[in-house]
Each structure stands twice: as C-alpha cells, then as structure tokens.
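Structure at a glance
Letter by letter, the chains look like this.
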Amino acid sequence: SVASLRNQVLGQLQGGYFTLDLRSARGAFETAPWVRQAQVRRVWPDQLVVRLEEHQPRAVWEQLDGEDQLVNTLGEVFDGNAADLDDSLANSLPVLRGPNGSAPQMLAMHTRLAPLFTPLGAELRHLEMSERGSWRATLASGAVLELGRGEPAEVEQRTHRFVASVAEVSNRLGRRAVESADLRH
C-alpha cells in the first residue's frame, strides 16, 4: 500500500528538493519487498515523482531452509510475502525448487510442461530440479513424475510421449489416476 511504502522509505530519504540524491532515493524504493524497479525524478518547482514497477508473482520459490520466496514473471526471485497474496492466487501458484540462480530456467520449463498435462486433466503444481539437472514434477493429484535430465526440448518431448500414452491407456481402461512414473530410462 502507499502508506506502508511511505513509512518504509521516507526515513531513508535525506535532503530537500535540490539536495536529494536521486540514485539513493531510487535504491530506497527498490528495497521494498514488492517493488521490482523504481524511477525517481524531480518536477519543478517542488515535486518528487516516483514511478514504481511492482513484481507480478508467477510461482513460489521453495527454499531448503523453509523461508519461501516468490518468482516474478521474468523469473526473478524476490522477497514478497505469499501471505500478502489473494488466496485464490496464492493457491494457484506453482512451486519451484532448484539450485540457486535457476529460477528463470525453472519458470521457463514449467511454462513448457504445464500445458502438456491438460489431456490428463492434471495440473503441474510442483517442479523440482536437482543439482545434477534432473527434473521431477508433482501433479495436483500427488502423482510424482521423474522426468530425468536433458535439454528442455528433450524433457518436453519425453513428457509429451508419456502423457499421450497414459491418456490412451486411461481411456481404454477407464482410469484417470497416475500415482508415479519414471521417465528417466
């Protein structure tokens, strides 16, 4: 909110209209949890105009220490509090877990894989990448799929073949549930 942002930032701003360091003012605004980028400029005769770009959450970044963060639409991890989100949005965000610095790659992989599960009526809820680059997907039903390593296109193709096979078999047998699968071999 404007009030909480003002309370957090005003104490960090030093100087008046002519003496305020705009770079440090921008940095003060960018330390706020939901602020991705800030632009600060002077407008004659006595205004300071601040333009803020807010992080748009796209996924939860699961930390080993339990202090989860959020991932924005650009794959950047930020310190926004998931409790600040609308309940429907918070419950719909996928969870990503992987090595430090891998959030953009993981968000891109989630974007590639999530639509593949539509024929099964399933939703990709959790995507994990090991330190060695092996992928694991967990569906909303709790089914765990070991997707293995490889280039994104390889993993996507392997997953697509699996989903097509399962959809065909499920239709023949009249069952829709997958509990686990290992696509590594």
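Here we summarise the structure given alongside this text. (Residues numbered from 1 in each chain as written. Predicted model: local features only at pLDDT ≥ 70, side-chain atom pairs only at ≥ 80, totals over all residues. Heavy atoms only, no water.)

Moving on, we get to helix 4 (residues 103-113). Every buried residue belonging to helix 4 is among Ala103, Met106, Leu107, Met109, His110 and Leu113, and all of these are buried. Looking down the long axis of helix 4, one finds its buried residues gathered within 160 degrees of arc, a one-sided arrangement. (Buried < 20%, exposed > 50% of the residue type's maximum accessible area, 1.4 Å probe, protein only. Helix = DSSP H or I, 4+ residues; strand = E, 2+ residues; numbered from the N terminus. Arc of directions from axis to C-beta.)

The next point concerns the packing of aromatic side chains. A complete count under the given rule lists 4 aromatic pairs for this structure. Relative to Phe18, the ring of Tyr17 has its centre 5.0 Å away and its plane inclined at 85 degrees; by these criteria the two rings are edge-to-face. Since its relative accessible area comes to 65%, Phe18 is described here as exposed. Seen in terms of ring centroids, Phe18 and Trp44 are 6.1 Å apart; in terms of plane orientation they differ by 55 degrees. Their pairing is tilted. Taken together, the residues span a long stretch of sequence, with Phe18 in the loop between helix 1 (2-10) and helix 2 (22-30) and Trp44 in the loop between strand 1 (35-43) and strand 2 (47-54) at a distance of 26 residues. Residue classification places Trp44 among the exposed positions, given a relative accessible area of 64%. (Phe/Tyr/Trp six-rings, centres within 6.5 Å; stacked < 30°, edge-to-face > 60°.)

Hydrogen bonding along the main chain pairs the strands of a sheet, whether they run parallel or antiparallel. Reading across from one edge, 5-4-3-6-7-8-9-10 is the order of the 8 strands in this open sheet, with mixed pairing throughout. For this open sheet the edge positions go to strand 5 (77-78) and strand 10 (180-182), each flanked by a neighbour on one side alone. Here 3 bridges tie strand 6 (residues 95-97) to strand 7 (residues 124-129), and the two strands are oriented parallel to one another. Bridged to Val95 within strand 7 is His126. Sitting on the sheet, helix 4 touches strand 3 (57-61), strand 4 (69-72), strand 5, strand 6, strand 7, strand 8 (135-139) and strand 9 (144-148), and the angle it makes with strand 7 is about 140 degrees. Packed on one face of the sheet, helix 5 (residues 152-173) meets strand 8, strand 9 and strand 10 and runs near 140 degrees to strand 9. (Pairing = 2+ DSSP bridges. Contact = heavy atoms within 4.5 Å. Axes fitted to C-alpha atoms, helices over the stretch in contact; angles between N-to-C directions.)

What follows deals with the pattern of salt bridges. Close approach of charged atoms lets side chains of opposite charge pair. A complete count under the given rule lists 8 salt bridges for this structure. Between Glu30 and Arg26 there is a salt bridge; the shortest N-O distance is 3.8 Å. Of this pair, Glu30 and Arg26 both sit in helix 2, separated by 4 residues, roughly a single helical turn. For Arg36, the salt bridge goes to Glu76, with nearest N and O atoms at 2.7 Å. Of this pair, Arg36 sits in strand 1 while Glu76 sits in the loop between strand 4 and strand 5; the two residues are 40 residues apart in sequence, bridging distant segments of the chain. Residue classification places Arg36 among the partly exposed residues on the basis of a relative accessible area of 26%. Among the charged side chains, a network of salt bridges with common partners joins Arg36, Glu53 and Glu76. (Salt bridge = Lys/Arg side-chain N within 4 Å of Asp/Glu carboxyl O.)

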